[in-house]
Every structure is written in structure tokens, then in C-alpha cells.
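# Fold and contact review
Take a look at the letters that make up each chain.
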Amino acid sequence: MTDFLQLSFAGLALGALYALVALGFVIIYKATGVINFAQGGLVLLGGYLTYNVHHTWGVPFYLSIPVAMILCGMVGAAVERVVLRRMVGQPVFAVIMVTIGLLFVIEQVVTGTWGFNRLNMGDPWGIKKFTVGDVQLSVVNLWTIMLAALVMAGFFLFFRYSRLGVAMRATAFDQEAAIANGISARRVFALSWAIAGAVATLAGVMLASGGSGLSPEIEFVALLAFPAIILGGLDSPAGAVLGGVIIGLTQTLTAGYQPRYADWLGNGFSSVMPYVVMIVILLIRPYGLFGTKEVRRV
Amino acid sequence: MKRNNRVRLLAVLGVLALVAAACGGTKKDSSSSTTTAKKTLSPGPGFDGTTIHVGVITPLTGPVAVIGNPLTSGTETWFKYINEEKGGIGGKYKVVVDKEDSQYKPDLGVQAYNKIKANEVVFAQLLGTPVTKAVLQQLRADQIVAAPASLDADWVRDKNLLPVGGPYEIQMINAADYLVNEGGFKGKTMCTMIQDDAYGQSGQRGVDFAAKDLGFTVKTTAKYAAGNPDFTAQIQQLKSSACEVVFLVGTPSDTAKLMGTAAQLQFVPQWVGQSPTWTGAFAKSPLAPYLQAHFMLAAEGTEWGDTSVKGMADMLDRIQKYTPSQQPDIYFVFGYYQARAVTALLEKAVELGDLSRAGVLAAVDKMQKTSFDGLTGDYEYGPPGTRNPPRQTTIYKVDPAKPGGLAKVKYEYTSASAKKYEFKSLP
């Protein structure tokens, strides 16, 4: 039982991390219809900006996170303004290729500025933990779960009650109708990239905290989070969170139990299992758990 | 048909020319190296008569750049020293290092190799087991010699490769022997945690060999894919087995995550890492107290700054002269002494009077025991079938006060088990 609880807690924390990454993907897709392959780059940039604000500028750690979120959000908005806006109306494939190109650009900028050495984030959590019964709850994992929940709640309130949130929903639903009602689609696009940048910063910080250290490979988490996005539904923040949690739990529990009870499946099956779950769910619900069903005339 | 005959005639003439050149080389062999160095060697691929080009294929970007960059800096520092203070190879041929980025990806490594091979005498560095394996068949076809920056035992018997250092298997055998016979861990529960690939298997082979020879059993082996996002399952697996010693095979990015998880889950065995598990940044991270208490490293040479070892004292002098900004880094040391082995090979080729590819390949067989002045064990080169790599390993503990974060516990520990280990040829 202890094993199960320990693995479940780790899976929940991993899922929360995936959810933070997935929310960045979803916000941009929901507003602009673009799958942003540069999201991993924003995670990377956000992590390094936090490091820079904290270590180089001497800002206290907890304050350095919101400062870096604003900076990374500004970078996201600038990227949209300078690059993506010119691609409006262009084929989806071309836009996706642009985001892939942006990923490489961000990667080069980050490694050119901060190098490849492993950096200590300087977070106060380190390897601290709480013990509940026989289960160890690491502080950094608790923070990750809490932040993902807070961001999820923030998204819900934002989309439900704020004018900008409603404008984003309207633009996502019918861009032309939204424009006809005086909503600035440009502002909505820029805002979605800014929010994606800010959320990516949180993901970057949590990935590099708790003793793991900051290094360029944290951007690869975006690839690991991809099944969560597809599974939850590309345009659903709630789906992103639920998808993240399902994938995190699946991965951790499989890694824990498969070698004991189904060793014949081979090594590394835990990294395959999220895709198996994704395929099964997509066969039943092709638009993901919470994705909007697209109706096409044929 | 006439055209074919002409081609054949040219080919025969070419072969005769090569034979004549080879005979010339053999003749020069009998003369002293000083005499040979005064002779002008024929230009060939990578050698224009005055300058020797050596290739380096390494991850300059990407996750493993943390190893590739300092390692290459070590290579460059050594060759700067050779060029400036020795006048070059054989006292007259300056060395130019041509670097290409592999990102630690075998496909990019092969591309980089094909891009520069026409202009290189040898490859002074091929970083990583996967990249070396990807390029190996082409090295054989092209008759080029390369120095792998990887301690895989598979390289020992390969004519086209010039390895340095004690292979991973030796590191793990010595570490196991040290723990059992000197560290007070005899009778303790032994386990392994390995990266699930060829590199991980190399360490596992060493532990398995030691287990058989020293009479212990490996109770549990936890495996993980490189880049694994969470290590709770693996740590729980080891914890459930009540492992008291865990031999670890991995790279620094995974070491950081799994050590963090182990500390949080209060799993406190004696960890013993194979050399590439470490990076100096750990000594200043939140993991440092845990690592100080529970982690040892099995690696080469001596700690950074130990001037009682001649090779280290010389290296520090040369860093002052040629790379003053270099920070303490075990991978820098590897690149530095690896370049020293490449220099020994090139010196031998010059001595034999032939810097062509065939000449360098022939020089491999003529190499003898090469000393690294204590930076790593002396390597008995020669025909690959008779090569004998160093059998010693230095055991380190973590000490944040030391440059590079490592303090030697046992310098150049050589176990009887390690001496028994036999290296096989690659197919």
C-alpha cells in the first residue's frame, strides 16, 4: 500500500508538471488554432529567466518567479507580434514549421546566453520533504501540484468572468463574429502567447527545482507532455490538467508495477504506456476527453 | 574495354606507388626519429606537408554538451602546448583541431564525420558510445584511426580505435572490490541501477564479473531510459530490496533527478557512480549533503589540484598559459590526456615516416606503453590483440571544498579481479 501511495503521489506531481506544460499549448491552440511546438522553448526560457532574475539581479526567489513570468510573457507576445501575426491566413503546416523554427532559435539564444553547464536554481525547497505515515511527500512536488491547481483555477475564473477571457473564448469560437462585435483578434492572439509564456515559466521553474538543476534538456518535457494534451483535448484547459494527471499516474504506476508483474513486456514500457492510453482514449473519443468536436460538411 | 584497361593500369601503378612509399617508410623506421623528423613527409588527407588536421566530433550543443565542451577544451589545451612548446608533432608539424557538433546523436555524428573526414589525419575525439558505434564501420572502410571519448571495453581490441583509460567494466570491478575488501561492505546487499542501453550494460558487466569473482550476488537491477522524468518507481524498487550498495551507471542529468528522489524517499545506500555520472555542479547543489554522505565515484586519475601527481601539476601549468579561464572539470582532464595518446600515435607515424591513413594505421601497431603521468593509468598499446588497458581506478568521495567537488579516497586502486578481466574483440 505504501508503494502504491508513494507512486501515486509521484505520478500526481509528474502529471501536474505535464499539466503546466500542456496548459501553454492549449491556451495558444484555443485562441489561434496553432499547435505551438515552441512551447518547450518557452519552458526553457522561463526557467533561465527566473535563474537570471534571482541570481544575477539578486531578486528574492519567490519574487523572481512572477518577474520572470512577466518577462517570458512579453517574449511570447513579441514573438506573436513579430513572427506569428504575419502567418495569419497561411497554411497550418507553414505555421507549425515556423513554431518548430522558433524552438531552435530560443534554444540557441538560451544556450548562447547561459551556456550548457548545470545551474543551481537556488529554490528554497531543495530536497525537503514531509512524512505522512510511511509516505514521503517532497516539498517541490507539493508546490508543483498546488501551482497546477492554482493555474487551473485561474484559467477557469479568467475565461468565465473576465472580459478578456470571454473575448478569447469568443474569438476561439468564431473569429469573424468576434471581430464584428468589436473584439480585437490581434490583442487576443498576443495575450494567448503571453499567457503561454508565463505558464511555461512556472513549468520551467518546477522542472529545475528540488535539486534537479537547470540545464537545456528541460525543454524535452514538452514532448513528454504531448500525450496529455492530445488525450485531454487540444482546446480544453481542464482536459490539459486531467490529461496530464492521467499520463503522469500511468507512467509512474507502470514503471513501479510492470517490472514486477509483467516483466515480459520488456524494459522501458512505462514510457510507451502513455501512448497506449492515448490511443485507446482517442479510439473512443477522437477529440480527446474534453476536446471540442469539430463538425465538417462533406 | 580500353577504358577499363586504363583504369586497371592506373590502379596497379597506384598500388606500386603505395608499396614504394610503404617500403620507404619501413626504411625510415630503422633510422632515428630525429633523422626522420628532418625529412619532409608526403602530403595526404589532412596533412599538407606542414600542418596536421585532427577532427573532433563531440556534442558542442545539447544535453551532453556539459561533457563535450570541457573535454574539447582539454584536447585544444594539450595541442596548444604541443604547438607552442614542442614546435608541433615531430617538432615541426603544427596541429589544427577541427570541431564538429554531434549533439550526441549518432546520425549527426555520421554526417559530421563524412563532412570533415577528407581533411583529417585522425579523429582526436569521438564522444560517446552511440556515436562511436555509428561511425566505426566507416572508420574501418576509410582506414582512419579515431580516439573514442568513451570508456567502453569494446574499443580495446579495435585497430581503428585508440582508447584511453580503464574501461567502465574495470571501474565497476575495482569499486566493488574496494567496497568489499576495504570499505566494510562485505556481506551487504548489492544492487545496480543502470541506464537501459549499451552504456548501462558495460557497467553491469563489470559488477556481474566482480560478483562472480568476489562471491556476492546482485539482488536487484533497476533500469531506466535516459531522460526519465521520474525515478520514484526505480528508487522504490531498490528500497524494497533493502539494497545497501547501489552501483550507478548514467549521465549527470539523470543522476541529479534520481539522487534528489532517493534523498526525498530517505533511501540511503552507498551509491557508487561510474565516472560519467558526475558533474562538478553537484557539489554546490542542494544534493551536496546527501552526496557527501552516500555517494562515491569510480573514475580515473587524481583530484583536481593534486600537484603531487606530475601529470596534474603539468596540466595546471599549461591551463595557466593557454586556457586560464578553465574551471575544474574531470572531463577537461579526459580530453587533455586523450590528446596526449593521439600525439603519441602521430609521433610514431612521423617517426615511421608516413602520415597517410595507412601509415597512421600501421603506427597503431607500433605504439608501445604510453604514460599519462598519473592523470590516468599507463596504457600498453601495440597490436590490438595484445593491448592492455589500465587496470586501476581512483575512488572519490564528494567534498564541496575541493575544486571540482571530488576528493580522492583511494588513488589508482587495482584489484586482483580487475587484472583478470579479459577484453573481447568486436565483430
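Residues numbered from 1 in each chain as written. Chains lettered and ligands numbered in written order. Predicted model: local features only at pLDDT ≥ 70, side-chain atom pairs only at ≥ 80, totals over all residues.

Right, let's get into the overall build of chain A. Looking only at helices and strands, one finds 11 helices and two strands in chain A. Moving toward the C terminus, one meets the helices and strands of chain A in the order α-α-α-α-β-β-α-α-α-α-α-α-α. A compact globule built from 298 residues should have a C-alpha radius of gyration of about 19 Å, and chain A, at 19 Å, falls within 12% of that. In terms of overall dimensions, chain A has C-alpha extents of about 60 × 55 × 35 Å along its principal axes. Sequence separation of at least 24 residues holds for 76% of the intrachain contacts in chain A that already meet a minimum separation of 6. (Helix = DSSP H or I, 4+ residues; strand = E, 2+ residues; numbered from the N terminus. Rg over C-alpha atoms; globule rule 2.2 N^0.38 Å. Contact = placed C-beta atoms within 7 Å.)

Right, let's get into the interface of chain B and chain A. Taken together, the contact pairs 33 residues of chain B with 32 residues of chain A. Put simply, the parts of the chain that give the side of chain B that touches chain A at least two residues each are helix H3 (65-85), helix H8 (232-240) and helix H9 (252-264) of chain B. Per-element accounting of the side of chain B that touches chain A gives the leading share, eight residues, to H9 of chain B. Taken together, the residues of the side of chain B that touches chain A break down into 15 nonpolar, 13 polar and five charged. (Nonpolar A, V, L, I, M, F, W, Y, C, P; charged D, E, K, R; others polar.)

The next subject is the nonpolar core. It is characteristic of soluble globular proteins that their nonpolar side chains tend to be buried jointly. Residues and elements named next belong to chain B. One finds Val122, Val342 and Leu345 to be the most contacted residues of the largest nonpolar core, which totals 133 residues. The element contributing the most residues to this core is helix H12 (residues 330-351), with 15 residues. Residues lining this core come from more than one domain, with at least three contributed by each of domain 1 (41-166 + 307-390) and domain 2 (168-299 + 394-420). Setting aside residues no more than four positions away along its own chain, Val122 makes contact with Val54, Ile144, Val145, Ala146, Val342, Leu345, Leu346 and Val360. (Core = buried A, V, L, I, M, F, W, Y, C linked by C-beta atoms within 7 Å. Buried ≥ 20, exposed ≤ 12 C-beta atoms within 10 Å, placed from the backbone. Domains from an automatic or database assignment.)

This part takes up the domain arrangement of chain B. Residue and element names in this part refer to chain B. Along its sequence, chain B is organised into domain 1 (41-166 + 307-390) and domain 2 (168-299 + 394-420). Centre-to-centre, using C-alpha coordinates, domain 1 lies 28 Å away from domain 2. The partner domain 2 presents 19 residues to the 13 residues of domain 1 that form the contact. Here the side of domain 1 that touches domain 2 is composed, by residue class, of eight nonpolar, three polar and two charged.

Attention now goes to the sheet that holds strand E12 (residues 393-398) of chain B. Residues and elements named next belong to chain B. Pairing is mixed in the open sheet, where seven strands are placed in the order E6-E5-E7-E8-E9-E12-E13. The open sheet has two edge strands, strand E6 (218-224) and strand E13 (406-413), and neither has a second partner. On average, adjacent strands in this sheet sit at an angle of 20° to one another, irrespective of strand direction. In this sheet, E13 lies alongside E12 in antiparallel orientation, the contact comprising five bridges. Each bridged residue has a counterpart across the sheet, and for Ile395 the counterpart in E13 is Lys410. In the packing of H8 onto the sheet, the strands contacted are strand E5 (190-195), E6 and strand E7 (245-249), and the crossing angle to E6 comes to about 180°. (Pairing = 2+ DSSP bridges. Axes fitted to C-alpha atoms, helices over the stretch in contact; angles between N-to-C directions.)

Once that is clear, we can look at the sheet that holds strand E4 (residues 146-149) of chain B. All names here are of chain B. The sheet built from four strands is open, its strands ordered E2-E1-E3-E4 with parallel pairing. Each having just a single partner strand, strand E2 (94-101) and E4 make up the two edges of the open sheet. On average, adjacent strands in this sheet sit at an angle of 20° to one another, irrespective of strand direction. Sheet analysis places strand E3 (residues 122-127) next to E4, joined by three bridges and oriented parallel. Paired with Leu127 across the two strands is Ala149, which belongs to E4. Across the sheet, helix H4 (residues 106-116) is in contact with strand E1 (51-58) and E2; its angle to E2 comes to roughly 145°.

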